[in-house]
Amino acid sequence: MQKRLLLNKKHLDITISRLCHELIENHLPFENTVLIGLQPKGVFVAERIKSKLEEIIKKPIELGYLDITFYRDDFRRRDEPLKPNETRVPFIIEDKNVILIDDVLYTGRSVKSAMDAMSAFGRPSKVEFLTLIDRIHSRHIPIEANYIGKQVNTVLSQKVLVELTEQGKKEDKIWLIDKSK
Amino acid sequence: MSHLSSKHLLGIKNLTKEDIQLIFETADNFKDVINRPIKKVPSLRDITIANVFFENSTRTKLSFELAEKRLSADVINFSASGSSVKKGETLLDTVNNILAMKVDMIVMRHSSPGAPHFLSKHINANIVNAGDGTHEHPTQALLDAYSMRERVGDLEGKNVAIIGDIVHSRVALSNIFALQKLGANVMICGPATLIPKYLSSFGVKVVSDIRQALEWCDIANILRIQLERQQIKYFPSLREYSLYFGVNKKLLDSLNKEIVIMHPGPINRGVEITSDVADSQHSIILDQVENGVATRMAVLYLLAGNVS
C-alpha cells in the first residue's frame, strides 16, 4: 500500500481560505445563503468553512448537518446496514441558497442522495456543491462541484483518506492511498 | 455493530443488549424523520412487506403499516377474517401463498404462542412477531423501553412495575426480557390469579399490593385487563379489581413521589387506570404510540438489511 500526501495542514488552511473567498464572491452578504455539511466528514469541512467565513465577513452564517444514510441507493447492496448519524437542519431552506459541503466527491451518488434527503426539508432557491477533494474521471452520475479544493486524478484501486483533528487525529492530513502498490 | 444478530424479530429473549441499543439508536434517527414536514425516506423502496394478522389489532397494525409506508416499502395487508383460513387452510400454506407474490418480509400476529417461530423454520422471508398469543410482543417491549429511556434516561438500576393482567399479556413477558437486558429492576403486581407461577423464576419481584408496587417503582407500566381471553372468572368483578388494583389520582397523590405512567393500550378507562391519570402530565401513553412508529421503522430497516 502506497500513501501520498495530498494536503497538509498549511495547504488545507490555504485551500479553505480560498474556497471561502470564492463563496464570498458569489454569496456576500450571505443573507439568503445557508451551509449544509454532509455527515460524517463533510460536517467537519463545513464547520471550518463557516468559521473562516464568519472570521472574514464578521457575521454569523447558518450551518446544518445532513445525514444521507436512509437515502442511499446502495442499501442492501452492502454487507450490513449503515448506521445513521444525526441530521440537524435548524433553519428553513425554502427559497434559500444552499451550499452542500462534503470532504470528497467520487462517484457523485452521495451528492444525489444528499439532494434527495435535502428535499425533505423544503425547496431551496438554488443548490451548490463544495468539495475539498474532487476525484475526477470517476463519476457514476453527472454531478459536478461548484467549488473545489483540489482536483485529483484517481483510479479505482486508489482511495482518498481525510484525516482531520476533529476526528481525534494529531494533524490535518489528506492522503491518496494506492491499495494496489 | 450496525446489524442485528438475527434475521427475524421473534421475541426479545433472543436479542442481545447490543441489538436493543442499536434499535434505539436507529429509532432516534427515525423519530427525527417522522417529525419533519416530509416524513418519508426511500430506504425500503424495493421491499414488499405483508402484514399478516390472524388476530384483531388496531394500533399495532396501523403503527406497522405507517412505519412501512414511511420507509417507502410496498405493503399488503392480510386479515384472517374473511380469508381462506376460515376454509381450513394451514398457516404455512397461507404464508407460502403470500410469499409466492414475492414478499420479502412478514409482520405476523397470531393467537398461538410460537407461531412465528414455527414459520421462521420453514420460510426464507424475514419475520417480525407482532404478538403471538400470550407469549411475546417484542416491538411493544422495544417501544416501551425506548419511551422509558426517553423520559428517565438510562434504565440501568431503574425500578419498573408491571401492573395488571400478566397471565394473558404478551407485553409483560417481552417487557421483562427487555428491561432486564437493559439493567432495570422489574416488579410484577396484580391479583394472584392473574400472575403466572413461573414468573418468579425470571428474577422479578412479585407482589399483590398496588401501593407497595407504586412506592417501589420509578415507572408503572399498567396493563389492560384482557376480558376477551378470560374463559373463567379470575376475579369477582371489574369494580373490585378497580378498587384493589386500579391506579387513580388519589392513590398517586398519596405516594409523595412522582412516577411515570405507561399503558400499551387500549385502555379500559376507570378499570385499570382512571382518566385523570391516563391524561396527566406523568403519563407517556401517547409518546408510546409515537415512539411505536419510530421503533418499528428501526426494526424493519435493520432487518431489511439482511434481505437477500
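Our structure's up above, just so we're on the same page.
Presented here is a report on the structure given in the accompanying data block. For clarity, every value in this text was computed on a predicted model and none was experimentally measured.

Analysis parameters
- Residues numbered from 1 in each chain as written.
- Chains lettered and ligands numbered in written order.
- Predicted model: local features only at pLDDT ≥ 70, side-chain atom pairs only at ≥ 80, totals over all residues.
- Heavy atoms only, no water.
- Helix = DSSP H or I, 4+ residues; strand = E, 2+ residues; numbered from the N terminus.
- Rg over C-alpha atoms; globule rule 2.2 N^0.38 Å.
- Buried < 20%, exposed > 50% of the residue type's maximum accessible area, 1.4 Å probe, protein only.
- Lys, Arg positive; Asp, Glu negative; His and termini not counted.
- Salt bridge = Lys/Arg side-chain N within 4 Å of Asp/Glu carboxyl O.
- Contact = heavy atoms within 4.5 Å.
- Buried area = accessible area lost by both parts, 1.4 Å probe.
- Polar contact = N/O pair within 3.5 Å; in protein donor to acceptor, adjacent residues only side chain to side chain.
- Axes fitted to C-alpha atoms, helices over the stretch in contact; angles between N-to-C directions.
- Parallel < 35°, antiparallel > 145°, perpendicular 65-115°, else oblique.
- Left-handed = near helix turned anticlockwise from the far one by under 90°.

**Here's the deal with the overall build of chain B**
In step 1: Scanning chain B from N- to C-terminus turns up eleven helices and nine strands.
In step 2: The globule rule puts the C-alpha radius of gyration for 308 residues at 19 Å, and the 19 Å found for chain B is close to it.
In step 3: By its C-alpha atoms, chain B is 55 × 45 × 35 Å across when sized along the principal axes.
In step 4: For chain B, buried positions account for 58% of its 308 residues.

**Side note on the side chain of B:Arg70**
All names here are of chain B.
In step 1: The topology assignment puts arginine 70 in helix 2 (residues 59–70).
In step 2: Despite being buried, arginine 70 has no salt bridge partner; glutamate 290 is the closest side chain of opposite charge, sitting 8.2 Å away.
In step 3: Residues within four places of arginine 70 in sequence aside, it is in contact with Ile34, Lys39, Lys40, Val41, Val293 and Met297.

**A few points about the interface of chain A and chain B**
In step 1: At the interface, 19 residues of chain A touch 26 residues of chain B.
In step 2: Broken down residue by residue, the surface that chain A buries against chain B is led by A:Phe70, A:Phe75 and A:Arg76, which jointly contribute 38%.
In step 3: The interface formed by chain A and chain B includes one salt bridge.
In step 4: Two residues, A:Lys83 and B:Glu25, come together in a salt bridge whose shortest N-O distance is 3.2 Å.
In step 5: The tally of links from chain A across to chain B stands at three residue pairs in polar contact (both at pLDDT 80 or more).

**As for the packing of helix 1 (residues 17–34) of chain B against helix 11 (residues 285–304) of chain B**
How two helices sit against one another is set out by the angle between their axes and by the gap between those axes.
Residue and element names in this part refer to chain B.
In step 1: For the pair helix 1 and helix 11, the least separation of the axes is 8 Å and the interaxial angle reads 120°. By the angle between their axes, helix 1 is oblique relative to helix 11. Taken as a pair, helix 1 and helix 11 cross one another with a handedness that is right-handed. Of the residues in helix 11, those in contact with Leu22, Ile23, Thr26, Ala27, Phe30, Lys31 and Ile34 of helix 1 are Glu290, Asn291, Val293, Ala294, Thr295, Met297, Ala298, Val299, Tyr301 and Leu302.

Read these as spatial facts, not as claims about activity.
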